[in-house]
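One-letter residues, chain by chain:
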Amino acid sequence: MPDVSQVTQGTAGQFRSFPCFEPLRTVEFCPAGDTDRALIAAGGSTRVAIGQFVTSEVDASSQSCSALSALTYESIINVRHDTAINAIAWSPTTNTEVPQAGLSFCAAGSDHVIRCYQGTSHQQTVQALNGHTSYVNACVYEPVEGTRLATVSDDRSCCLWDIASGQCISRIPLNSYGMSVRWHPTEPLRLMVAERQGTISIYDLVSCQPVATLSTFGGGMLVDADWSPVNNNLIGAVAGNHSYVWNLAMGSEPQESRIVHNDGAVKFRWCNSAEQQFATLGYPPHHFKVHLAGSQKVPITQAFPTAGGISWHPKLPLCAIGGDCQIHVCECIV
């Protein structure tokens, strides 16, 4: 796809927009990317677009040059999907050096089925994981070897899948809808599960029992949560119109809570390159905001007519926002 992009200026933040095939419901950077190139998956109603953002070298002496200005988008493949896509996850087995030769990811569809894709840019095999009886809201691969997948659903369960066999090997019952699931970045026996009622549990996967429980204490229905890849003690979430931040080293009480979107928040994501930085997305008119934990300032905010998901670049302070036939990218230097 040619690099046809528009540049807009948000509040203390610059955005570029790159064309995509259809209105997007979710976007997900591959966490194993590098500074100069990073894979991204964009899911719509009929397809998953796989591409990569490439950052060319910039003149460090020029004040006008930035990672955003040097960014180009290269399309790799559009994969047909039978239903609308709710969530996407990347396997650590993906070949980030030569992605055309080794792609591995999964997509959760609105038909309650998770489809795992493996192969090249020319040919893929698809494995369907059947077992959930309602919408699958989030999915994540075990980050070390990628042999297992965790999913959470409106059927009030968290399922652990064996990728090789395609079988559900463990099912954790939940008290309400499962909204988010995250594996500990370095400990494959720790799993975070966030529920609609406002409970976040850290499970030990040997016993499948929680070893820590966090709560938003009736602050509204929880819709998203994330585990920081930079500081593994930090967990964040959005519920109602508030964001919450916990530091596991400081106990189970939230370290901070703030109103982030008056009409309600839908997404929370920690930055991969700055410990205190996180982004939120609100209900229409879909205000995208970047925050600093410990500070009430909102250095970056921008409204989009439509927005489907947010995801941070694995190495750079760039955040992608799914749009109406576009991927918006914000440079978040605060």
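Since we're looking at a predicted model, the values are computed, not measured.

Draft legend 1. Up close: the nonpolar core. Ile40, Phe53, Ile327 and Val329 are the most contacted members of the largest nonpolar core, which totals 20 residues. When residues of this core are traced back to their parent elements, those giving at least two are strand S3 (26-29), strand S4 (37-43), strand S5 (47-55), strand S6 (71-80), strand S28 (318-322) and strand S29 (326-331). A total of three residues in this core trace back to one element, the largest contributor, which is S4. Those residues in contact with Phe53 that sit more than four places away from it in its chain are Phe18, Phe29, Asp36, Arg37, Ala38, Ile40, Leu71, Thr72, Tyr73, Ile327 and Val329. By size, the runner-up hydrophobic cluster in this structure holds 16 residues, among which are Cys271, Phe304, Ile310 and Cys332.

Draft legend 2. Molecular detail of the sheet that holds strand S25 (residues 287-292). With antiparallel pairing, the four strands of this open sheet are ordered in space as S23-S24-S25-S26. Here the strands that pair on one side only, and so sit at the sheet edges, are strand S23 (265-270) and strand S26 (300-303). Across the sheet, the axes of successive neighbouring strands diverge by a mean angle of 15 degrees, strand direction being ignored.

Draft legend 3. Region of interest: the environment of Val211. Along the chain, Val211 falls in strand S18 (residues 209-215). Taking the C-alpha atoms as reference points, Val211 and Ser201, 10 residues apart in sequence, are found 7.5 Å from one another. Leaving out residues up to four positions away in the same chain, Val211 has contacts with Arg190, Ile202 and Asp204.

Draft legend 4. Quick peek at the side chain of Asn86. Tracing the backbone shows Asn86 in strand S7 (residues 85-90). When its relative accessible area of 18% is taken as the criterion, Asn86 is described as buried. When sequence neighbours within four positions are dropped, the list of residues in contact with Asn86 reads Arg25, Thr26, Ala108, Gly109, Ser110, Tyr135 and Val136.

So, how was this worked out
- Here the residue numbering is sequential within each chain, running from 1 through the sequence in written order.
- It should be noted that, the model being predicted, local features are given only for residues of pLDDT at least 70 and side-chain atom pairs only at 80 or more, the latter also being counted only at that level, while totals for whole chains, interfaces and linings use all residues.
- To obtain the side-chain values, all non-hydrogen atoms of the structure were used and water was disregarded.
- Only buried residues count toward a nonpolar core. Its members are Ala, Val, Leu, Ile, Met, Phe, Trp, Tyr and Cys residues joined through side-chain atoms within 4.5 Å.
- Partly exposed residues are those whose accessible area sits between 20% and 50% of the maximum for their type, while under 20% is buried and over 50% is exposed, using a 1.4 Å probe and protein chains only.
- Per the convention used, a helix needs a DSSP run of H or I reaching at least four residues, while a strand needs a run of E reaching at least two, with both numbered from the N terminus.
- The contact rule is simple, with two residues in contact once any of their heavy atoms fall within 4.5 Å.
- Pairing between two strands is assigned when DSSP locates at least 2 bridges connecting them.
- Note on method: axes are straight lines fitted to C-alpha atoms, helices fitted across the in-contact stretch only, with angles between N-to-C directions ranging 0 to 180 degrees.

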